[in-house]
Amino acid sequence: MKIHEYQAKEILRQFNIPTPIGKLAFSVKEAVEHSQTLLPPVVVKAQIHAGGRGKGGGVKFSKTLKEAEKNAENILGKNLITYQTKKEGQLVKKLLIEKAVNIKHEFYAGMVLDRSSSKITFMVSSEGGVEIEKIAENSPEKIIKEQIDPLLGILPYQARNLAFSLNLKGDVFKNAVRFFLKLYHLYIQTDASLVEINPLVVMQEDEVIALDAKINFDDNSLFRQKNIHALQDLDEEEPTEIEAAKYNMSYIKLDGNIGCMVNGAGLAMATMDIIKLAGEKPANFLDIGGKASADTIEKGFNIILSDKNVKAVLINVFGGIVRCDRVANGVIQAIKNIDVNIPIVVRLQGTNADIAKDILNSSEMNIMGATELNEAAQKVVNTLKK
Ligand code: GDP
Ligand code: MN
């Protein structure tokens, strides 16, 4: 789960990590009031779940009240396009108005779970403020990493190594070490999966503060992180993904043309791979779960078809717990109810697969059956060629 910058900064403050002072505004009027309270210069910042706002014109340094007002007018209520948003951009519904700080130096600090080593990677770079992805690609040696064993937690020498690698001295060094230790604590306590402070700023006064903050959380922990779950902003999420979650299905929208309906995450991944191998792109990931009833299948169809890019659907279900004949009946019922008029390829394997085949064959519907996964992928890809 993702949250906004202003929410991430509230969490940082709870962990005694310094941030600029700021206030959230929902209108230009409020933005002006907050600017007045904070005393310009202020920074007007679009709150959307995407980075790169600065370059996209969504972060504006404002010297005077008039400037703050003009900047708020220009950003609020508009679609902000950054390299991380959809191409049409993301609608800005709130602004964070922050007291501007005097920057001496901008660094990068981030933490992410490294699944291959089962450790947490703590990364810092002297090249802060810009796209870290570009630094990782062009000059990876500028990113310094410490691997943290979650059983031991961050050791003080690791935090010092990170601060040393940024060439920090004196009070700034001490402040940075404290910052890193607290940030690790936050990462663990909140069940975060990613924390990024870009830029991490050294101020004129030698204080080390978080000028920007991004925190993602492990969805599997939300049941025990009620306060964090409450921060979810459904305006920023893909509506179809929210809809799917209501029915305990995992759906992730992608940008291909072939809709996929599969049971089991592993099989769903394999199905996406084989579609790519056959020369087309999947339109989504969809795991309908273990109990695929006629109802779930209908809901699944609705979600897949709400994506106008979908030109054909591949259903790939393994009948383990769920019986294939039930799935076949579900497919037929769904097609009748929602008037599906694009090609559908169905591969059902496992319990009662033969009965399922008979049901589909005698339905007189435009459904193509397949036995092997390769064959299923070929068939569905071929329908796009006609
Ligand atoms: P992002 O582009 O979405 O990552 O947004 P950021 O919050 O990182 O802001 C982008 C850039 O705006 C930062 O790297 C800073 O250079 C600049 N910026 C943000 N806040 C301040 C501030 O208080 N003072 C100054 N001088 N620059 C700021
Ligand atoms: Mn940033």
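No experiment lies behind these values; they were computed from the predicted model shown. (Residues numbered from 1 in each chain as written. Chains lettered and ligands numbered in written order. Predicted model: local features only at pLDDT ≥ 70, side-chain atom pairs only at ≥ 80, totals over all residues. Heavy atoms only, no water.)

**Student:** So what about the coordination of the manganese ion (ligand 2)? Which residues, and what values?
**Tutor:** The manganese ion (ligand 2) binds to the protein through Asn198 (O) and Asp212 (OD), with metal-donor distances spanning 2.2 Å. Of the two residues, asparagine 198 sits in strand β10 (residues 192–203) while aspartate 212 sits in the loop between β11 (208–210) and β12 (214–217), which places them 14 residues apart along the sequence. Residue asparagine 198 is classed as buried on the basis of its relative accessible area, which comes to 16%. (Donors = N, O, S within 2.8 Å, 3.2 Å for Na, K, Ca; no water. Helix = DSSP H or I, 4+ residues; strand = E, 2+ residues; numbered from the N terminus. Buried < 20%, exposed > 50% of the residue type's maximum accessible area, 1.4 Å probe, protein only.)

**Student:** I'd like a rundown of the site of ligand 1, residues and numbers included.
**Tutor:** Of all residues adjacent to ligand 1, which total 17 residues, the nearest are Lys45, Arg53, Gly54, Val101 and Glu106. The backbone of glycine 52 places a nitrogen or oxygen atom 3.3 Å from an oxygen atom of ligand 1. Contact between ligand 1 and arginine 53: an oxygen atom at 2.7 Å from a side-chain N or O atom of the residue. Notes on ligand 1: free accessible area 570 Å², of which the protein chains cover 80%. In terms of residue class, the shell around ligand 1 is made up of eight nonpolar, five polar and four charged. Taken domain by domain, the makeup of the shell around ligand 1 includes at least three residues from each of domain 1 (1–20 + 102–237) and domain 2 (21–100). (Near = heavy atom within 4 Å. Polar contact = N/O pair within 3.5 Å; in protein donor to acceptor, adjacent residues only side chain to side chain. Areas by Shrake-Rupley, 256 points an atom, 1.4 Å probe, with all protein chains shown as cover. Nonpolar A, V, L, I, M, F, W, Y, C, P; charged D, E, K, R; others polar. Domains from an automatic or database assignment.)

**Student:** Requested: an account of the packing of helix α11 (residues 294–305) against helix α12 (residues 324–338), with residues and values cited.
**Tutor:** Interaxial distance between α11 and α12 falls to 8 Å at its minimum, and their mutual angle equals 50°. In terms of axis orientation, α11 runs oblique to α12. For α11 against α12, the interelement crossing comes out right-handed. Contacts from Ala294, Ile297, Glu298, Phe301, Asn302 and Leu305 in α11 reach Val327, Gly330, Val331, Gln333, Ala334, Ile335, Asn337 and Ile338 in α12. Tallied by class, residues from the contact of α11 with α12 come to nine nonpolar, four polar and one charged. (Axes fitted to C-alpha atoms, helices over the stretch in contact; angles between N-to-C directions. Parallel < 35°, antiparallel > 145°, perpendicular 65-115°, else oblique. Left-handed = near helix turned anticlockwise from the far one by under 90°. Contact = heavy atoms within 4.5 Å.)

**Student:** Explain the nonpolar core to me, and be specific about the residues and the numbers.
**Tutor:** Judged by nonpolar contacts, the single largest core of 43 residues is most densely connected at Phe122, Phe180 and Ile197. Secondary-structure elements contributing two or more residues to this core are α1 (5–14), β7 (103–114), β8 (119–125), α6 (156–165), α7 (170–189), β10, β11 and β12. Sorting elements by how many residues they give to this core places α7 first, with ten residues. Not counting residues within four places of it along the chain, the set of residues in contact with phenylalanine 180 comprises Ala109, Phe122, Val124, Ile154, Ala159, Leu162, Ala163, Leu166 and Leu200. Residues Ala283, Ile304, Val310 and Ile335 belong to the second largest nonpolar core, which totals 34 residues. (Core = buried A, V, L, I, M, F, W, Y, C linked by side-chain atoms within 4.5 Å.)

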